[in-house]
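This is what each chain is made of:
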Amino acid sequence: MNKQTLLAALLAAAFMPVVAQADCLTPDTSPTVMFGTYDSGVTNRAVSGACTIDDLISDEQPWGSQQAFLSHASQVSFDLLKQRKITSLERSKLMVAASASGVGTTLKVKLIGFNDFHGYIKSGEGSSSNPGVARFATKIKELKASNSMHAVVSAGDMIGASPLTSALFKDEPTIEAMNRIGIDFNAVGNHEFDEGKTELLRMQNGGNHPTDAFSGQGLPADLKAGEFRGADFKFLAANVLDTDNNTTLFPGVGVKNFLGNKIAFIGMTLESTPTIVSPSGVAGLQFQDEADSANALVPQIKAQGIETIVVLIHEGGFPTVTAGNCTGISGAIVDIVNRLDPAIDLVLSGHTHQAYSCLINNAAGKPVRVTSAGQYARVLTDIDITIDTRTKDAVAVTASNISVGNSTSTVVQDPGLLEVVNHYVGLSAVPASRLVGTITATITRTTNNAGESALGDVIADAQLAATSSAGTGAALAAFMNPGGIRADLPFTAAGKVDGNVTYGEAFTVQPFGNSLVTLTLTGAQIYAVLEQQWGVAQPFPRVLQVSNGFTYTHNFPLPLNANLTAAQGVTFTTSVRGNSFVVPGSVKINGVPVDGATSYRVTVNSFLADGGDTFSALTGGTNRLGGAVDTDALEAYMAANPAGVAPGAQNRITRQ
Amino acid sequence: MKNQLKPLLGALLLVGLCSGAQAAYFDRVDYVASAGYSAATDGTSANSPAMDLSGTSGDVSLFGAAVYNSPLTNGSLAHSYAGDAFLSFSTASTDLWMTLNQSLSATSGGALSVGNHQQDAFVDLSAVKLKIVGEAGEANGSAVNVSFLGNASGLLDFNSMVSDGYLGLGLSVSRGNTVLGEYLWDVQQAGNQAVNFSFAGNVGEELTFSSYMLTGAGLKNASFAQSTLPYELVNTGASLNGSFTIAAVPEPETYAMLLAGLGLMGAVARRRKAR
């Protein structure tokens, strides 16, 4: 202990009474003194002002060890004995109860988990389902208030692929918002690498961006020396090696101490991050096997006397949910957890944007809790870990996902966070109106009965154009998921010249900031992808938007130009999905039938490339090459069509 | 201004005492500890050992408590104890908290007679080996001053029916067979006592710390008339607490500076007073 700390401790101790004289505005008036649920049999009564014996015992507060509680109970009860407020027999009874109650033998720690936040700080931005960081903060604050022993942790993609309000300012608004909330650790995800390691290190360490004028625009309270402050929390990257110095880019492990009971958090991203991030983003970095990286850290962690180990991993799965419970899970996370050291007590996952709380067997065949909290601040995972204060190991883990609400829900918006959001909304008003191109008419996402929309055509064409050259992917076709098109491009809107498309509008259409991935599929895999539009896992039909030159015919039996009615939905899930509706031989690229055994280069966004929207056939795509962000591709496409982009003809998909 | 001066001087003095003070701390090397309770009522005995919650290193924690009701013809004897010892280690100080209490009461539905009852309780840290470790973990033999600053409390209610009631406590620190600091109290009257001592030591050496508490009481051929209220016979307890701190022995020139500083502060104080 250094001298200053010692002095502070001495001064503090001098003013601290042996028995804390709390105000006891609401005294504990149980008839007998209770230790947890254990009845001491001693009559409870006021012994210090309004404070009762039960108040002074403070068994409800967290105790780091049984010794700590017993020592406290011993001091309180002896003081009362000395003052003759209790008898020696009563003290004996209190001490018997203090010990038998087991108070202090376990400590409950609350973990508040989230993932794939993606900079969705502004309520309603991108989707009315997004509650915004101010509601998110309120929910976190409530969870924190329920247990002073807590940690807030993120399983990656906190930043990157973010909407305008955060993205325009280099995601500094999101870091500043998280600083205000007070979070502990963020494992890196693939999107943390979108702008490369130097920029990611800046997110941690602070300082303004070297060239971008939108950097360092935070409120004074959020800056340091007038510049972006960096994250107050720690980024973790156990499986990301900086090849310059052969050390991990960030620490692999973060530790938080709860009254002498430490939890180690191992943070990491998916090993295949380089396949879904543009090569420039991962230059100079090496991504290693997730399970091997975590397991290698376990002995080092245990050597520090830490037995409770949590993995924060940006990789996930797709759960099977029956009556609200996870009854099964598929995806990359399964194999990873199957290989994890049994010393690991809990896994917070992400990347698939799913919300789940499942059990997956570890290397010893024992089930481990694996959670994920959806996306975009909509969900938080509320986890209680019970630690045996003697062995320091976790003895129980429970988890449930709670909804944060949406952009119209009554959840109170935290004023401190709202201040940050409003500040950046104000600053982005002008850039949002920047002209990115022109259109000849309103281009809508309304689909025809074949499932094709005019805007879907345009976006798929933009993605093909951005990846068709030999250097950018040599793609022959592009597929766009319909759910990734969030709004129409209006010809007329307030505050702009007719036909102009603003940056804000382009962002609203494609707010996810997905990057393009060009991959190789066989003709058979292309057929499989198309059949997964109404595949067995789809909750409703999802018709991919396709680029010019790509054509096919299907005979899907339900309407595709409107949402299915409830009755049609039942028909879909009970008897339609899982069947084949693509007409054999009808799939053509530039008029040439697609051959099952031939390989084709196809572009999709990073979401689809990972099997999003249950297009798992796309995960079989090989020779992946990362490309531009989708809005950049759209902007480039508009720039290449200065006369204005016209609505797509919706003539690529034919319904028989 | 005069009113503000006192706390200022106090704070300065504290700073002076602290700066250069914390040079070393105790580390636990080994310990022997036990506690427990035994009672015998007309041939029926009860026994309750304490829990040892001590870790493999660091803090020593002993804890025990028990409540008994011994049935007899026409009534019963209720007797109990609670005892504990906590020795906690940090680089700032080594802190002791020990308590022991016992009780005895008789309930008589008719004429109650007790031939022989005896109860005894104890807490005993009989040999805690402590090593003086330097601030940076060194063991270079440099001179330090070890001091203990604490309190003892005793509560002593023995009914005249009780025979052989006793309550005692003590602690000591020794180097081999040489006692360096000691405190003993055979409690005959309730009250509080300060427990202070200090001695010279060396960084790196091992010392032995012991501390104990004992209490007991008995009934011999005692008779109790029928009563609706129980007879309260024994209500005793004791606590012993305090902290060891280890300070470097200042070099002569440091003493000179400290004295000069104190003199200067005294002069300032006098001037202020004169105004």
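Some details on the overall build of chain A
Assigned secondary structure in chain A consists of 18 helices and 34 strands. Expected size for 656 residues packed as a compact globule is a radius of gyration near 26 Å; at 29 Å, chain A falls within 12% of this value. Considered along the principal axes of its C-alpha atoms, chain A spans approximately 100 × 55 × 50 Å. Buried residues in chain A amount to 52% of all 656 residues. Taking as baseline every contact in chain A between residues at least 6 positions apart, the subset at least 24 positions apart corresponds to 74%.

As for helix 4 (residues 88-100) of chain A
Along an α-helix, a turn takes 3.6 residues, which lines up residues three or four apart on a common side. All names here are of chain A. Taking 1.5 Å per residue as the helical rise, helix 4 with its 13 residues ought to reach 18 Å, and the 18 Å between its terminal C-alpha atoms agrees with that figure. All of the buried residues along helix 4 are S88, L89, E90, R91, S92, K93, L94, M95, V96, A97, A98 and S99. Immediately beyond the C-terminal end of helix 4, within one or two residues, lies G102, with a positive phi of roughly 75°.

Digging into the environment of A:Y552
Looking at the element boundaries, A:Y552 is found in strand 29 (residues 550-554). Those residues in contact with A:Y552 that sit more than four places away from it in its chain are A:L530, A:V582, A:S586, A:V587, A:K588 and A:I653.

Some thoughts on helix 3 (residues 66-82) of chain A
All names here are of chain A. Between the first and last C-alpha of helix 3 there are 24 Å, a value that for 17 residues agrees with the 24 Å anticipated at 1.5 Å per step. Most of helix 3 is tucked away, with 15 of its 17 residues classed as buried. Phi turns positive, to about 60°, at R84, one or two residues after helix 3.

Details of the sheet that holds strand 34 (residues 653-655) of chain A
Residue and element names in this part refer to chain A. Taken together, the four strands give an open sheet; going across it, the order is 31-30-29-34, and neighbouring strands pair in mixed fashion. Both edges of this open sheet fall to strand 31 (592-593) and strand 34, since each of them pairs with a single strand only. Inspection of the sheet shows strand 30 (residues 588-589) paired to strand 31 by two bridges, in the antiparallel sense. Across the sheet, K588 pairs through a bridge with P593, a residue of strand 31.

Focus: the packing of helix 5 (residues 133-146) of chain A against helix 12 (residues 415-432) of chain A
Helix packing geometry: the angle between the two helix axes and the distance between the axes. Residues and elements named next belong to chain A. Remark: helix 5 packs on helix 12, axes separated minimally by 8 Å, with the N-to-C direction vectors making an angle of 160°. The angle between helix 5 and helix 12 places the two elements in the roughly antiparallel class. Helix 12 is crossed by helix 5, and the crossing has right-handed handedness. Each of V133, A134 and A137 in helix 5 lies in contact with helix 12, whose residues at this interface are L417, L418 and V421.

What counts as what
- Residues numbered from 1 in each chain as written.
- Chains lettered and ligands numbered in written order.
- Predicted model: local features only at pLDDT ≥ 70, side-chain atom pairs only at ≥ 80, totals over all residues.
- Helix = DSSP H or I, 4+ residues; strand = E, 2+ residues; numbered from the N terminus.
- Rg over C-alpha atoms; globule rule 2.2 N^0.38 Å.
- Buried ≥ 20, exposed ≤ 12 C-beta atoms within 10 Å, placed from the backbone.
- Contact = placed C-beta atoms within 7 Å.
- Expected span 1.5 Å × (residues − 1).
- Pairing = 2+ DSSP bridges.
- Axes fitted to C-alpha atoms, helices over the stretch in contact; angles between N-to-C directions.
- Parallel < 35°, antiparallel > 145°, perpendicular 65-115°, else oblique.
- Left-handed = near helix turned anticlockwise from the far one by under 90°.

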